[in-house]
Amino acid sequence: MHELGIVYEVIKIVDQFVVENQLLKVEKIVLEIGELSQAIPRFIEECFPAAVADTPYETTALEIVSVPAVAVCKSCHNEYGLIEHRKICPSCLSEDFTLISGREFSIKEIAAY
Amino acid sequence: MDELKIFSIKKGIQEDNVKIANITRSELKEKEVFMINVMSSPGSGKTSTLVRTIEKLKGEMGIGVIEADVDSDVDARSVQNAGAKAVQMHTGGLCHLDATMAKAGIDALEVDGLDLVFLENIGNLICTAGYDTGAMKDIAILSVPEGDDKPLKYPMMFERVDALIINKIDVMPYFDFNMTVLEERVRKLNKDIKIFPLSAKTGEGMDAWIDWIKTEMKGGKSNESNA
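Being a predicted model, the structure only gives us computed values, none of them experimental. (Residues numbered from 1 in each chain as written. Chains lettered and ligands numbered in written order. Predicted model: local features only at pLDDT ≥ 70, side-chain atom pairs only at ≥ 80, totals over all residues. Heavy atoms only, no water.)

(A) A look at the sheet that holds strand β3 (residues 63-69) of chain B. All names here are of chain B. Read across the sheet, seven strands follow the order β4-β3-β5-β2-β6-β7-β8 without closing on themselves; strand pairing throughout is parallel. Taken across any chain shown, the strands that pair with only one partner, and hence form the sheet edges, are β4 (85-90) and β8 (194-197). If you compare each strand with its neighbour and ignore which way they point, the axes differ by 20° on average. Inspection of the sheet shows strand β2 (residues 34-40) paired to strand β5 (residues 116-120) by five bridges, in the parallel sense. The residue of β5 that forms the bridge with Phe34 is Leu116. Relative to β5, helix α2 (residues 46-57) is tilted by about 175°, and along the sheet it contacts β2, β3, β5, β6 (137-143) and β7 (163-167). (Pairing = 2+ DSSP bridges. Helix = DSSP H or I, 4+ residues; strand = E, 2+ residues; numbered from the N terminus. Axes fitted to C-alpha atoms, helices over the stretch in contact; angles between N-to-C directions. Contact = heavy atoms within 4.5 Å.)

(B) Region of the structure containing helix α2 (residues 41-52) of chain A. All names here are of chain A. Over its twelve residues, α2 runs 17 Å from end to end, which matches the ideal 16 Å to within 8%, given 1.5 Å per residue. Among all positions of α2, only Ile44, Cys47, Phe48, Ala51 and Val52 are buried. Taken end-on, α2 shows its buried residues confined to a sector of 140°, consistent with a single buried face. Relative to its buried face, α2 has exposed residues pointing more than 90 degrees away, namely Arg42, Glu46 and Ala50. The inward-facing, buried residues of α2 abut α1 (3-20), β1 (26-34) and β2 (61-67). Phi turns positive one or two residues past the end of α2, at Asp54, with a value near 60°. (Expected span 1.5 Å × (residues − 1). Buried < 20%, exposed > 50% of the residue type's maximum accessible area, 1.4 Å probe, protein only. Arc of directions from axis to C-beta.)

(C) Region of interest: the pairing of β2(A). All names here are of chain A. Strand direction decides the pairing type here: β1 and β2, joined by seven bridges, are parallel. Looking across to β2, one finds that Gly34 is bridged to Val67. For the segment spanning β1, α2 and β2, crossover handedness is right-handed. (Right-handed = clockwise from strand over helix to strand, strands pointing away.)

(D) Inspection of the nonpolar core at higher detail. Counting residues in each nonpolar core, the largest one holds 47 residues, and the members touching the most others are B:Phe118, B:Ile139 and B:Trp209. Discounting residues that sit within four places of it in the chain, B:Phe118 has contacts with B:Ile36, B:Val38, B:Leu50, B:Thr53, B:Ile63, B:Gly64, B:Val65, B:Ile66, B:Trp209 and B:Ile213. Counting 29 residues, the second-largest nonpolar core is a separate cluster that includes A:Ile11, A:Val26, A:Ala39 and B:Ile9. (Core = buried A, V, L, I, M, F, W, Y, C linked by side-chain atoms within 4.5 Å.)

(E) The sheet that holds strand β5 (residues 97-101) of chain A, seen in detail. Residue and element names in this part refer to chain A. On the basis of which strands lie adjacent, the open sheet formed by three strands has the order β4-β3-β5 and antiparallel pairing. Among the strands making up the open sheet, the edge pair consists of β4 (79-81) and β5. Going from strand to strand, the sheet's axes swing by 35° on average, the running direction of each strand aside. Two strands pair when backbone bridges link them, and strand β3 (residues 70-73) and β5 are joined in this way by four bridges, in the antiparallel orientation. Within β5, the position partnered with Val70 by the bridge is Ser101.

(F) Geometry of the packing of α2(B) against helix α3 (residues 74-81) of chain B. Residues and elements named next belong to chain B. Where α2 meets α3, the axes come as close as 9 Å, and the angle between the chain directions of the two elements is 15°. It follows that α2 is roughly parallel to α3 by the angle criterion. Crossing geometry of α2 relative to α3 is assigned as right-handed. Touching Thr47, Leu50, Val51 and Ile54 of α2 are Asp75, Ser78 and Val79, all from α3. (Parallel < 35°, antiparallel > 145°, perpendicular 65-115°, else oblique. Left-handed = near helix turned anticlockwise from the far one by under 90°.)

(G) Examining the pairing of β6(B) more closely. All names here are of chain B. A large share of β6 lies buried, amounting to seven of its seven residues. Side chains Lys137, Ile139, Ile141 and Ser143 project from β6 onto one buried face, and the interleaved Asp138, Ala140 and Leu142 project onto a second face that is buried too. Here β2 pairs with β6 via five bridges, running parallel. Residue pairing for β6: Ile36 is matched across the bridge by Lys137. Strand direction decides the pairing type here: β6 and β7, joined by five bridges, are parallel. Of the residues in β7, the one forming a bridge with Ile139 is Ala163.

(H) Region of the structure containing the packing of aromatic side chains. In this structure the tally under the stated criterion is four aromatic pairs over all chains. On the basis of an interplanar angle of 70° and a centroid distance of 5.7 Å, the ring pair of A:Phe17 and B:Phe7 is categorised as edge-to-face. Of this pair, A:Phe17 sits in helix α1 while B:Phe7 sits in strand β1 (residues 5-12), placing the two residues on different chains. For A:Phe17, a relative accessible area of 17% puts it in the buried group. Among the residues examined, B:Phe7 registers a relative accessible area of 18% and is labelled buried. Between B:Phe196 and B:Trp209 the ring centres are 6.1 Å apart and the planes differ by 55°, which places this aromatic pair in the tilted class. Remark: B:Trp209 occurs in helix α8 (residues 206-219) and B:Phe196 occurs in strand β8; sequence separation between them is 13 residues. According to the relative accessible area criterion, B:Phe196 is buried, its value standing at 8%. Given the relative accessible area of 1%, B:Trp209 is considered buried. Linked through ring pairs, B:Phe196, B:Trp209 and B:Trp212 together constitute an aromatic cluster. (Phe/Tyr/Trp six-rings, centres within 6.5 Å; stacked < 30°, edge-to-face > 60°.)

And the structure:
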């Protein structure tokens, strides 16, 4: 369970952005979390209130956009859901693939005044 | 109040960690110190493997070990007795070392004059795999009693490391551990990985691992792009 540390890291990055851009108030933080990333959205949501308590972000909302793990088959170029198909191409059964999304773990945007 | 605006940030949450890790790597390179990040589950034999390794290499080079544990200094004392310089970091409830903590360990150890530093990460096969520490090489230790199915359960660790030690091969007869199956499973995730079956207890298989360290130290490629 390292989500609390991750949330602190998020707040640090947002805080830098707020200072650099002289923003007044952050209404919402939007995170992009890939299915294969190390962070579990539910845990991130659960520890967010603890991380922002007594900070200027206490009333800031958190939104998490989950990014599915999508692969392209190296043999038949079919695009498929990696987790759903357990890493095996559903059309040709090859296990050779290139990952095109799913490792994302970033701050997408913030809504602020 | 001004109008509510959307600001696109698009910044990876681990970008700063990678930046710090890259700085650490270049500082270590300048000092000609080679750092290896050692990861595994608790009880796989990280410390005993390091003790054996130190005994084999201490006549040729200065070795340091950064121990990271929730509590106690038992590991630091073991590697010190074997002939290495050591620092013990107490990491509280943390489940992995990141680049900032690794840097604190390097500073505490005072690496000037050392040739080889082992960063003994926290015993954890999951979280440790996600963080670049600034080491030149990452290795994992899997011990025979843990089973040959671990690459299936924790693929990220096996995908990421440069080398894998299979420890405790002396107890192989008592476990259903299939080395061929293990190797197939690991190579499927990471085809270039080096695998060293050994026993830190009996010393069997240690030489190939020691040779790998020496070769990598001489000009082994670095981890620069490792995220």
